[in-house]
Amino acid sequence: MFLQRLAEYAQRLDLPPQFYRRAPVRYIIELDAQGEQLSPEPEDTADPSRREARRGQNLLVPQVQRSSGVKPLLLADNAAYTFGLPRDGKNPDREAQCHTAYLELLHRCMADTDDPAVAAVRRFLGNHPVDRLRLPDDYDRGATVTFRVDGQRVTERPAVRAFWARVNTPDADVMQCLVCGERRPVLRRLPGKIKGIPDGQPSGTAIISANESAYESYGLQASLIAPICADCAEAMTVALNRLLRDDDTHFVVGKAAFVFWTREPAAFSVVDLMNQPQPDDVRRLMEATYRPSAPEVAANRFYGALLSASGGRAVVRDWIDTTVAQAQGHLAGWFAAQRIVDAWGAPHPPLGVRALAAATERELRDVPAPTVYALVHCALLGRPLPPGILYRAVQRTRAEQRVTRSHAALIKLALSSRRPVAGPIPDEEDPMTELDLANRVPAYLCGRLLAVLERAQTLAIPGANTTLVDRYYGTASSAPASVFGSLMTGTQAHLSKLRRDRPGAHGALQREMEEILVDLPAFPRTLSLHDQALFALGYYHQRAASRARARAAGERQEPHEDE
């Protein structure tokens, strides 16, 4: 189904000629109709100031998949193939074989097409071109060189394109194509590779490949394990590469890339919403969930795929096939489920997949594909987050000895996603958005208490290098009974100092502690994963509420400009 939908999407694109791809071409040699060079130096199209043009201008040129074998690219190849100039560190004998194969292919093209431009290039290459060319000192022998005859690139000529398609469509077994369903000649190896998948080989990854007997079945080898005709292979390869290249249809998180598209063009941009959500866009999305969808939106299909790489192969981790209306509704619920105040108790813009995924690992690049898979499924299909995501988020709070907004939002999302509630949750019905004074769960109260004790220390010892949270958060969040007795005893000195120096702050802290402890007659010996999550939210909520009150008090004390 994934490959079929890609082939359908390709029909909406301006497809390149068969077996052509956009690739960097650095050098262009100008010739006249007789094959005489018009300039002693090849034109260098590289532009170091532009990342996309550092190796040359991106042009449509003949491309096929080649590995270690000798396989020339027609009229657009490197110096070894084109001129017989060996590259550094390469076997000179093999480089000579490459040049011979290039000339043989060019001769076949000239004989088959009878194209005068091809004949001009063949005449030029047969007349000691290296002796007549003035190559610069920094000439890149690994860069692609092509030709222009009378102002037209030879690779653009219709006869050349038709010849290249015939050469790369060999006689093959006739089988049923998995994509179009017709019995047609199928390819033993797909012509193109997929580029842009994290951790994939620089040359690209194969969407279908079997290079070991372990991957073969029914005696079928290479790409014949999933037979696809040349037209469908070309269409799906171009479509997937376009999706991975366009910023509006893909995003990358850690070691995974997510691509999406719709059956019919739609204004719905899931990449913007899930990658860098803006408050106004999210608000409009959530408002739209309460209105009936237009017929064209309700019927339009939404597709998505999560891809990663394993060596030279592309791995399809996930496939999503739903409607645009359903995806919008689930995404609105996803944003509502993660809604939480910021560290200062104020409303804060929603977080995207990248920010939430980063809350599970030390470095964003370490985020595994299953984590992205789970977050995307939760966002677009309304699936609950697995316990493993909650475990990773809780473990990060213990490892970092703190609870950031990303940690808190992901923990809240993980807990909310497992509640049997459909659609966005109104603010007044979502108790986990901010401090919940009605929550009397011991784990939540322990988290609140730790925040109060930390504030007492901070007020009593301003500028302390290490707080009690820096030292005891991990133990307090998993085995409260083993540490809270000592913490309460140590806090008495801080409270005594505040009673003397800041009686107002002392009174407020004392009341908060009493309100928490009245429903906490004993500290739990251990906390489960769910309770550790509630502990983290209690700590985060209490800290945010305390900061909000302190900020409000400071603003009330500031004199007005007219006073």
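Residues numbered from 1 in each chain as written. Predicted model: local features only at pLDDT ≥ 70, side-chain atom pairs only at ≥ 80, totals over all residues. Heavy atoms only, no water.

Focus on the overall build of the protein
- When you go through the protein residue by residue, the secondary structure sums to 20 helices and 13 strands.
- A compact globule built from 563 residues should have a C-alpha radius of gyration of about 24 Å, whereas the protein, at 32 Å, is more than 25% larger.
- C-alpha extents for the protein along the principal axes are approximately 100 × 55 × 55 Å.
- Taken across its 563 residues, the protein has 49% of its residues classed as buried.
- If you take every contact in the protein between residues at least 6 apart in sequence, the share linking residues at least 24 apart comes to 73%.
- For the protein, the accessible surface area stands at approximately 27,300 Å², while carbon and sulfur atoms represent 48% of it.
- Across the protein, the centroid of the 69 positively charged side chains sits 5 Å from that of the 67 negatively charged ones. (Helix = DSSP H or I, 4+ residues; strand = E, 2+ residues; numbered from the N terminus. Rg over C-alpha atoms; globule rule 2.2 N^0.38 Å. Buried < 20%, exposed > 50% of the residue type's maximum accessible area, 1.4 Å probe, protein only. Contact = heavy atoms within 4.5 Å. Areas by Shrake-Rupley, 256 points an atom, 1.4 Å probe, with all protein chains shown as cover. Lys, Arg positive; Asp, Glu negative; His and termini not counted. Charge placed at Lys NZ, Arg CZ, Asp CG, Glu CD.)

Regarding the sheet that holds strand β13 (residues 313-323)
- Pairing is antiparallel across the open sheet formed by four strands, whose spatial order is β10-β11-β12-β13. With partners counted over all chains shown, the strands left at the sheet margins are β10 (250-253) and β13, one partner each. Going from strand to strand, the sheet's axes swing by 20° on average, the running direction of each strand aside.
- Sheet contacts for helix α11 (residues 324-337): β11 (256-262), β12 (301-310) and β13; angle to β13, the most-contacted strand, approximately 95°.
- Sitting on the sheet, helix α13 (residues 369-381) is in contact with β10, β11, β12 and β13, with an inclination near 10° to β13. (Pairing = 2+ DSSP bridges. Axes fitted to C-alpha atoms, helices over the stretch in contact; angles between N-to-C directions.)

A few points about the environment of Gln 57
- Inspection of the secondary structure assignment puts Gln 57 in strand β4 (residues 57-62).
- Aside from chain neighbours lying at most four places away, what touches Gln 57 is Ala 23, Pro 24, Val 25 and Thr 45.

So, the state of the cysteines
- Per the stated rule, a full pass over the model turns up zero disulfides.
- Of the cysteine sulfurs around Cys 177, a residue in no disulfide, the closest is that of Cys 180, at 3.7 Å. (Disulfide = S-S within 2.5 Å.)

Focus: the packing of helix α3 (residues 92-113) against helix α4 (residues 116-125)
- Remark: α3 packs on α4, axes separated minimally by 9 Å, with the N-to-C direction vectors making an angle of 145°. As for how α3 packs across α4, the hand of that crossing is left-handed. Of α4, the residues touching α3 (which contributes Tyr 102, Leu 103, Leu 106, His 107, Cys 109, Met 110 and Thr 113) are Val 118, Ala 119, Val 121, Arg 122 and Leu 125.
- When its residues are assigned to classes, the contact of α3 with α4 shows nine nonpolar, two polar and one charged. (Left-handed = near helix turned anticlockwise from the far one by under 90°. Nonpolar A, V, L, I, M, F, W, Y, C, P; charged D, E, K, R; others polar.)

A few points about the environment of Ile 29
- Here Ile 29 shows up in strand β2 (residues 27-31).
- Residue class for Ile 29 comes out buried when judged on its relative accessible area of 1%.
- With 119 residues separating them along the chain, Ile 29 and Arg 148 place their C-alpha atoms 6.1 Å apart.
- Aside from chain neighbours lying at most four places away, what touches Ile 29 is Pro 42, Phe 83, Phe 124, Leu 133, Val 145, Thr 146, Phe 147 and Arg 148.

Focus on the nonpolar core
- Core analysis: the biggest nonpolar cluster contains 91 residues, and Leu 331, Leu 380, Leu 450 and Phe 484 have the highest contact counts within it.
- Sorting elements by how many residues they give to this core places helix α16 (residues 442-460) first, with 12 residues.
- When sequence neighbours within four positions are dropped, the list of residues in contact with Phe 484 reads Cys 446, Leu 449, Leu 450, Leu 453, Ala 476, Phe 523 and Phe 535.
- Membership of the second largest hydrophobic core comes to 72 residues, among which are Phe 19, Tyr 27, Leu 133 and Tyr 303. (Core = buried A, V, L, I, M, F, W, Y, C linked by side-chain atoms within 4.5 Å.)

Remarks on the pairing of β12
- Along β12, eight of the 10 residues are buried, which leaves the element largely enclosed by surrounding structure.
- By the bridge criterion, six bridges tie β11 to β12 in an arrangement that is antiparallel. Note that in β12 the partner of Ala 257 across the bridge is Leu 307.
- One ladder, built from 10 bridges, connects β12 with β13; its direction is antiparallel. From the neighbouring strand, Phe 302 faces β13, where its bridge partner is Thr 322.

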